[in-house]
Amino acid sequence: MSEVVVIGAGLGGLMAACELAGAGLPVRLISQGEGSLSLSNGTVDLLGYAPDLVWDPLSRINQIAPPHPYQVIGSDNVRRAVAALTSHLPDGYLVGQASQNQLVPTALGAWRPTALLPASLAPPQPKDQSRWLIVGFDRVKDFYPKLVAANLSRTKIPGGGRVTAIPVRIDLPDNPGLPGGDVSAMTVARAFDQPDFAAAVGRQLAQAAGQAEADAIGVPAVLGTAGHDAWRQVSQAAGRPVFEIGLVPPSPPGFRLNQLLLARARQLGVRLATGARVTGFQANQGRIVQLTTDAAGHGQTYEPTAVVYFPGGFESGAIAMDSTYNLAETLFDLPLAGLAPVSQLISPSYSPNQTIFQVGVQTDKAMRPLTDGGEPVYTNLYAGGGLLAGAIRWTEQSGEGIVLGSAMAAVRGLLDGIGQDLEPKLAAAHGRRTQLSSSHPGQTPNWTDGAP
Amino acid sequence: MDEVRRLSAEVVVIGGGSTGCGVARDAAMRGFSTILVERADLAQGTSGRFHGLLHSGARYAVSDPESATECCVENRILKRIQPDAIEPTGGWFVALEGDGPDYSDKFLRAMERNGLPHEEVRLALARRLEPRLTRRAVQVISVDDAAVDGWALALGTVRSALEYGARVLRYTEVKGIGLTGGRTSTVHCRDRRSGEDFVIEAGFIINAAGPWVGRVATLLGIEDVTVEPAQGIMVAVSQRLVSRVLNRLRYPGDGDIMVPAQTVSIIGTTDAPASDPDRLVMPRDKIQQMLDCGEALVPGFRQARGLHCWVGARPLIRDDSVKPAETRKMRRGMFIFDHASRDGVEGMLSVAGGKLTTYRLMAQEVVDQMCLKLGSPRRCRTASEPVPPPPTDHFVAGQVTKPGAGAEAPEIEQPDWPISPAGRQRPTGPRHITDRLAEAESTRADDQIICECELVSRRALVSALRRHPDDSLDDLRRRLRIGMGPCQGGFCAARSAGIACQEDAWSAGQAVAALRLFLRNRWIGQQPLVYGELLKQIALDNWMLYGTLGLEQLPASQEVVL
């Protein structure tokens, strides 16, 4: 059956799948595992440093020095992608805007620029003399309030002055859901899913904030695993603004975002094949015509009309180097830009900005990976996200922006190609389902997994 | 101007590697008041940069039978007195197709002749016991090799020395040695952490600085104690791919030893001259050579997750200038320099060469010689008295020494438990990963694991921080193994910095500086192995440390300006 196959269930794959399904295309989302979004801290970083602190990411995206993925993606795709992401989430779930960075505290007490973020992670505007209570929970081992508070307090905030951050450590109430002292942030977050527990902690926070005369309360990002209900309950009981501070994985805000987008994808009719690794493919006349997956117990083949490929980058192993220092894109063996002898890619001096992390795939405006000669490798393969060459995402704070913008560019490129490139049948299906989904997205025919 | 602080001791030991620690223990056990000074952390030099093999002697059976016999004897002694630092894995010598029977025949004859325990292992059994061993193996002989943890060995030895009243000054560099009437009288030191200069009045000096022994001798104007450091590269991959030490059954050469040590497998080593033990290099082609050697013994070695590589300097001695009558040239390359007969300077002996396996014997012989010179023969007891386990999480209240908080010395290591008149209480510390797992399971309800890879508990970290508030994250790593597993500190380094701040051991600025220094130091041994899983890990660690935690935005200076 004709379908677009999206490979990768991170932010890029989920976004592309939702957009394509929303446009009426039959979509299958294949992923090796859960996707990286649940490992992220939930913020939408567009561009934080270029290399100096950026305040208006949207306008800086088009001025960025080459070579960079944003040169191909362009700010228009980023703007559209942010709007699309917002539309796929509950109203008010994300706050902030693409044209205005804000500074948020990290779990080391640094101030980090981001554009949009879940409402629960947004602190009040930091002002000179603001008194913030920074609360650590005994069970959370990636958040130490004295370090966070001291670093926040010693930083001059833009506009002058400093926030006064007061550290306090709180023992969480006993709860059957919290066995022992050594639990993960996700286990703590599940305890917060119980309204009584959330309210009890909120009252502890109210008392501590009262003693410290604090006007806002920062806590590690463990307030529940689903949406923002627990955050609201805690805030209400605390009687003051409460904000979460993002954690290293496992990170509940990323998990929540992942759950919401997965639910949205299902609602839009995306068929999910999770736990299936794409291991091979066949091409014919410059098009990918078949994909093979290796899932538990048996393999499966798919015959996609088009492939949207968002497998991540170095962190997922989509771009990998073997022990003899040969780099490759591991599924389609796509040409890589930025290759050089290993001694030029990895420096003996430590830096997070090793040149190797700029190696990646180059694409045309429709996000089709290009050969060295500048031609699409396959006319129906669209790729983006961590695969793209030319960015050190963690230093630029540009990860989500590149993923979202390239997903939007890939979706638009793919849709533009319909009629010229895709089968007429698919174009017809596209027209039919657009009608359905544009007015009543919730009533899109429910495509069940594996149905013909 | 302030008066320079003066300490005094009957014996000052220079160098905190295995030999220096052994000398300090031996001297203190014989009743000498002893101070050990070490330029960096204990066992940070060669004693922490080898492959972790406790020799059975088999490796030297053909080339140097006497030293083989000594290794065999010391191996048994150390297994008895220092079991906490040693894992008696056993070892095999393995001949591969194409190695030829020549060496194997010589080897077996030499083992017989010297009475070194060995046994031929049938190939079918060998393959069952070591399923990853290459199918190219044609002959397997088992010997008494073992795995030894150099840090645990040194820390346990020092612990014993402390019990006997020795003092240990880490991060203390010797800047000069004073003479009075042709005899050494003072050791001039600088605390490298506080910058303070101080003096130790020394009755006798034992220079046990390993590859740096010649440099210490030059402080007396003696230029011809020539160390020719030979550098050896080691590569560690995650997991124990084999259960026992594997040696190639051939003339000793590069990369023919694989040791299962703690949670990793180590392949080593190379042998190349180095001009400066402070500037050793790890060229990529040598790393590739080691990976090939690993692959030859254990197919798939290249697919294993690379963790870390390091290079150590063997303290090889060249001493053309002296005749055998003047210095006693020890077998197995061990030297004791008598600077009185050799250079006309009384009151100092230098010891170098040798192997970690024979550290105790080296200490015994040099202290024996010192006793003779001092006219005070005292019996050595190190071969029979057990060494306590290295400190783990035992903290005795009131022993915190903090700079500026009334500390009487730059840093003095304290014994970790009171010595009762009834005899020493001997806490057994968890040393192996399975011990740490058992402990973690028993304290799951009220303690947290801070380093999941190496199962280091929060309690152990806090107790180490209290005892050694000046420790860097690397010092803590050597004590506790934090940051040595697959994530290479991605999670636990930031956690440890946070805990140090939370426990008021470090300021926020110190915590950030410590974290950055740790990452910089770890990178040295990571970067040649950044491929495969470690490349993925570095990307993930960068996402966490920079993408999520914003480490780049946090300078160590007092005020942060964005």
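Note that the structure is predicted; figures quoted are calculated from it, not measured.

Conventions used here
- Residue positions are given per chain, counting from 1 as you read along its sequence in written order.
- Chain labels run from A onward and ligand labels from 1 onward, assigned in the order the entries are written.
- Residues qualify for local features only when their pLDDT is at least 70, as the model is predicted, and side-chain atom pairs are given and counted only at 80 or more; totals for whole chains, interfaces and linings, by contrast, use all residues.
- Excluded from the side-chain calculations are hydrogens and water; all other atoms, namely the structure's heavy atoms, are used.
- Runs of E in the DSSP output that reach at least two residues are strands. Runs of H or I that reach at least four are helices, and both are numbered from the N terminus.
- Restricting the calculation to C-alpha atoms gives the radius of gyration, and the globule rule supplies 2.2 Å times the number of residues raised to the power 0.38.
- Only protein chains enter the accessibility calculation, which uses a 1.4 Å probe; a residue is then buried when its area is under 20% of its type maximum, exposed when over 50%, and partly exposed in between.
- To be clear on the numbers: accessible area is Shrake-Rupley with a 1.4 Å probe, and residue cover counts the displayed protein chains and nothing else.
- By the counting scheme adopted, Arg and Lys are positive, Glu and Asp are negative, and His together with the chain ends is not counted.
- Positions of charges follow a simple convention, taking NZ of Lys, CZ of Arg, CG of Asp or CD of Glu.
- We define the nonpolar core as a collection of buried residues of types Ala, Val, Leu, Ile, Met, Phe, Trp, Tyr and Cys that are connected through side-chain atoms lying within 4.5 Å of one another.
- Here, two residues are considered to be in contact whenever any of their heavy atoms come within 4.5 Å of each other.
- In this description, buried area is defined as the sum, over both parts, of the accessible area (probe of 1.4 Å) that is lost when the two are combined.
- In the sections that follow, a salt bridge refers to a side-chain nitrogen of Lys or Arg positioned within 4 Å of a carboxyl oxygen of Asp or Glu.
- A 3.5 Å cut-off defines polar contacts: any pair of N or O atoms within that distance qualifies, except that in protein one atom must be a possible hydrogen donor and the other a possible acceptor, and neighbouring residues in sequence count only when both atoms are side-chain atoms.
- Pairing between two strands is assigned when DSSP locates at least 2 bridges connecting them.
- Where helices are involved, their axes are fitted lines through C-alpha atoms of the stretch in contact, as for all axes, and angles between N-to-C directions lie from 0 to 180°.
- Any angle that falls under 35 degrees is termed roughly parallel, while one over 145 is termed roughly antiparallel, one within 65 to 115 roughly perpendicular, and all others oblique.
- For any pair of crossing helices, the crossing counts as left-handed if the nearer helix is rotated counterclockwise from the farther one by less than a right angle, and right-handed if it is rotated clockwise.
- Side-chain classes are defined by residue name, with Ala, Val, Leu, Ile, Met, Phe, Trp, Tyr, Cys and Pro counting as nonpolar, Asp, Glu, Lys and Arg as charged, and the others, Gly among them, as polar.
- Ring pairs are drawn from Phe, Tyr and Trp, using the six-membered ring of Trp, whenever the two centres fall within 6.5 Å, and their geometry is named by plane angle: stacked under 30 degrees, edge-to-face over 60, tilted for the rest.
- Any Lys NZ or Arg CZ that is within 6 Å of a ring centre and within 35 degrees of that ring's normal is treated as a charge sitting over the ring.
- Confidence scores per residue from the predictor, reported as pLDDT, run from 0 to 100.

Asks: So what exactly am I meant to see when it comes to the overall build of chain A here?
Replies: Secondary structure assignment for chain A yields twelve helices and 19 strands. Taken over the C-alpha trace, chain A has a radius of gyration of 23 Å; the compact-globule value for 452 residues is 22 Å, and the two agree within 12%. By its C-alpha atoms, chain A is 70 × 50 × 40 Å across when sized along the principal axes. Of all 452 residues assigned to chain A, the portion counted as buried reaches 59%. For chain A, the exposed surface amounts to about 16,600 Å²; the carbon and sulfur share of it is 50%. Taken as two groups, the 31 positive and 35 negative side-chain charges of chain A have centres that lie 5 Å from each other.

Asks: Before we go on, may I ask you to explain the overall build of chain B in this structure?
Replies: Counting its secondary structure elements, chain B contains 15 helices and 26 strands. Roughly 20,600 Å² of accessible area belongs to chain B as shown, and the carbon and sulfur atoms make up 51% of that amount.

Asks: Would you mind going over the nonpolar core with me for this structure?
Replies: General note: in soluble globular proteins, nonpolar side chains tend to be found buried as a group. If you look at the biggest cluster of nonpolar residues, it comprises 155 residues, and the most contacted ones within it are F137, F192, L205 and F332 of chain A. Examining the composition of this core, we find that eight residues originate from one element, helix α14 (residues 508-526) of chain B, more than from any other. Residues within four places of F137 of chain A in sequence aside, it is in contact with R169, I170, L172, F192, V201, L205, V219, P220 and V222 of chain A. Counting 60 residues, the second-largest nonpolar core is a separate cluster that includes L20, A21, L261 and F310 of chain A.

Asks: Sorry if this is basic, but what is going on with the interface of chain A and chain B here?
Replies: How big an interface is tends to be stated in terms of accessible area lost as the parts join. Chain A puts 60 residues into the contact, and the matching count from chain B is 60 residues. Both sides of the chain A and chain B interface together cover about 5,200 Å² of buried area, and 61% of this is carbon and sulfur. Inspection of the chain A/chain B interface yields three salt bridges. Across the salt bridge formed by D504 of chain B and K146 of chain A, the nearest N and O atoms sit 3.1 Å from each other. Inspection of the chain A/chain B interface yields 23 residue pairs in polar contact (both at pLDDT 80 or more). Elements with a contribution of two residues or more to the side of chain A that touches chain B: β5 (111-114), α4 (145-153), β8 (155-156), α9 (342-345) and α10 (393-396) of chain A. Tallying contributions element by element places α4 of chain A first for the side of chain A that touches chain B, with five residues.

Asks: Sorry if this is basic, but what is going on with the sheet that holds strand β12 (residues 271-274) of chain A here?
Replies: Through backbone hydrogen bonds, the strands of a sheet pair up, either in parallel or in antiparallel fashion. Residues and elements named next belong to chain A. With parallel pairing, five strands are arranged side by side in an open sheet as β12-β2-β1-β16-β19. At either end of the open sheet lies a strand with only one pairing partner, and these are β12 and β19 (381-383). Strand-to-strand twist across the sheet, computed as the mean angle between neighbouring axes with direction ignored, equals 20°. Relative to β19, strand β16 (residues 306-309) is paired through three bridges, and the arrangement is parallel. Residue pairing for β19: V307 is matched across the bridge by L381. Taken strand by strand, helix α1 (residues 11-22) contacts β1 (4-7), β2 (27-31) and β16, and its axis lies near 170° from that of β2. Contacting β1, β16 and β19, helix α11 (residues 399-417) runs over the sheet at an angle of about 160° to β19.

Asks: What exactly am I supposed to notice about the pattern of salt bridges here?
Replies: A side chain with one charge can pair with a side chain of the opposite charge if their charged atoms come near. Residues and elements named next belong to chain B. Summed over all chains, the structure comprises 52 salt bridges over all chains. Where D149 meets R481, a salt bridge forms, and the shortest distance between an N and an O atom there is 4.0 Å. Taken as a pair, D149 in the loop between β8 (146-148) and α5 (150-163) and R481 in the loop between α12 (473-480) and α13 (492-502) lie far apart in primary sequence, 332 residues in all. Both residues of the pair, D149 and R481, belong to the buried class. The salt bridge involving D292 is made with R302; its shortest N-O contact spans 2.8 Å. Residue D292 is found in helix α7 (residues 284-297), and its partner R302 is found in the loop between α7 and β19 (306-314); the two are separated by ten residues along the sequence.

Asks: How do you make sense of the packing of α13 of chain B against α14 of chain B when you look at a structure like this?
Replies: Angle between the axes and distance between the axes: these two values describe a pair of packed helices. Residues and elements named next belong to chain B. α14 packs onto α13 with a crossing angle of 155° between their chain directions and a minimal axis gap of 9 Å. Taken as axis vectors, α13 and α14 run roughly antiparallel relative to one another. Seen from above, α13 lies across α14 with right-handed handedness. Contacts between α13 and α14 pair A493, A494, A497 and C501 from the former with A508, A511, L515 and F518 from the latter. Of the residues belonging to the contact of α13 with α14, the class tally is eight nonpolar, no polar and no charged.

Asks: Before we go on, may I ask you to explain the sheet that holds strand β11 (residues 242-245) of chain A in this structure?
Replies: Residues and elements named next belong to chain A. The four strands are arranged β9-β7-β10-β11 in an open sheet whose pairing can be described as parallel. Taken across any chain shown, the strands that pair with only one partner, and hence form the sheet edges, are β9 (164-170) and β11. Ignoring which end each strand starts from, the neighbouring axes of this sheet average 25° apart. The pairing of strand β7 (residues 131-137) with strand β10 (residues 216-220) spans three bridges and is parallel. When the bridges of β10 are listed, W132 appears paired with A216. Across the sheet, α4 touches β7, β9 and β11, and the angle it forms with β9 is around 175°.

Asks: Mind showing me how you'd approach α12 of chain B here?
Replies: Residues separated by three or four positions in an α-helix point in the same direction, a consequence of the helix having 3.6 residues per turn. With eight of eight residues buried, α12 of chain B lies mostly within the body of the structure. A positive phi of about 75° marks R481 of chain B, the residue just after α12 of chain B.

Asks: Explanation requested: the side chain of R479 of chain B in the structure shown.
Replies: Along the chain, R479 of chain B falls in helix α12. Polar contacts involving the side chain of R479 of chain B include one to the side chain of H468 of chain B, which spans 3.4 Å.

Asks: Quick question: what am I supposed to make of the packing of aromatic side chains here?
Replies: The geometry of two aromatic rings is summed up by the distance between their centres and the angle between their planes. If you walk through the whole model with that rule in mind, you get 17 aromatic pairs over all chains. Centre to centre, the rings of W111 of chain A and W132 of chain A are 5.6 Å apart; their planes meet at 50°, and the pair counts as tilted. Of this pair, W111 of chain A sits in strand β5 while W132 of chain A is found in strand β7, placing the two residues 21 residues apart along the sequence. This pair shows no difference in class: W111 of chain A is buried, exactly as W132 of chain A is. Judged by centre distance (5.0 Å) and plane angle (85°), the rings of F192 of chain A and F197 of chain A are edge-to-face. Per residue, the accessibility class of F192 of chain A equals that of F197 of chain A, and both read buried. Three or more aromatic residues joined by ring pairs make a cluster, and in this case those are F281, Y309, F332 and Y378 of chain A. Taking NZ or CZ as reference, R378 of chain B lies 3.9 Å from the ring centre of F32 of chain B, over its face.

Asks: I would appreciate a short explanation of the pairing of strand β16 (residues 257-261) of chain B in the present structure.
Replies: Every regular strand shows the same layout, with side chains that alternate between the two sheet faces. Residue and element names in this part refer to chain B. The buried fraction of β16 amounts to five of the five residues, a majority that puts the element mostly inside the structure. Residue alternation in β16 divides its side chains into two sets, I257, V259 and A261 and M258 and P260, and both sets are buried. Direction of pairing for β16 relative to strand β17 (residues 264-268): antiparallel, over a ladder of five bridges. For P260, the partnering residue across the bridge sits in β17 and is S265. Linking β16 to β17, which pair antiparallel, is a turn of two residues; within it Q262 sits at a positive phi near 50°.

Asks: Even after reading the chapter, I still don't get the packing of α14 of chain B against helix α15 (residues 532-548) of chain B, so can you show me in this structure?
Replies: Residue and element names in this part refer to chain B. Close contact between α14 and α15 brings their axes to 13 Å; oriented N to C, the two are set at 165°. Considered as vectors, α14 and α15 are oriented roughly antiparallel to each other. In the crossing of α14 with α15, the sense of the turn from one axis to the other is left-handed. Residue-level contacts link L519, W523 and Q526 of α14 to L534, I538, L545 and Y546 of α15. Residue classes in the contact of α14 with α15 are distributed as six nonpolar, one polar and no charged.

Asks: Even after reading the chapter, I still don't get the confidence of the model for chain A, so can you show me in this structure?
Replies: Fine structural detail should not be taken from predicted coordinates in areas where pLDDT scores are low. Considering every residue of chain A, the mean pLDDT works out to 92; 92% of them sit at 70 or more. Predicted confidence for residues 432-452 of chain A stays below pLDDT 50, and this span has 31 contacts to residues more than four positions away or in other chains.

Asks: What exactly am I supposed to notice about the environment of V242 of chain A here?
Replies: Residue and element names in this part refer to chain A. Tracing the backbone shows V242 in strand β11. For the pair V242 and G33, spaced 209 residues apart in sequence, the C-alpha to C-alpha distance is 33 Å. Apart from the residues lying within four places of it in its own chain, the contact partners of V242 are S120, I217, V219, L223, W231, V234 and S235.

Asks: Any chance you could explain unusual backbone geometry here in plain terms?
Replies: Trans is the prevailing form of peptide bonds, just as negative phi is the prevailing case for residues other than glycine. Going from P66 of chain A to P67 of chain A, the amide bond is cis rather than trans, its omega being -10°. You can see P67 of chain A is positioned in the loop between α2 (57-61) and α3 (69-88). At the junction of P249 of chain A and P250 of chain A, the peptide bond is cis and its omega measures out at -5° in the coordinates. For P250 of chain A, the position within the fold is in the loop between β11 and α8 (252-267). Despite not being glycine, A43 of chain B has its phi angle at roughly 55°, a positive value. Mapped onto the elements, A43 of chain B comes out in the loop between β2 (34-37) and β3 (53-54). With a relative accessible area of 2%, A43 of chain B lands in the buried category. Unlike most non-glycine residues, Q488 of chain B shows phi in positive territory, near 50°. Relative to the assigned elements, Q488 of chain B resides in the loop between α12 and α13.

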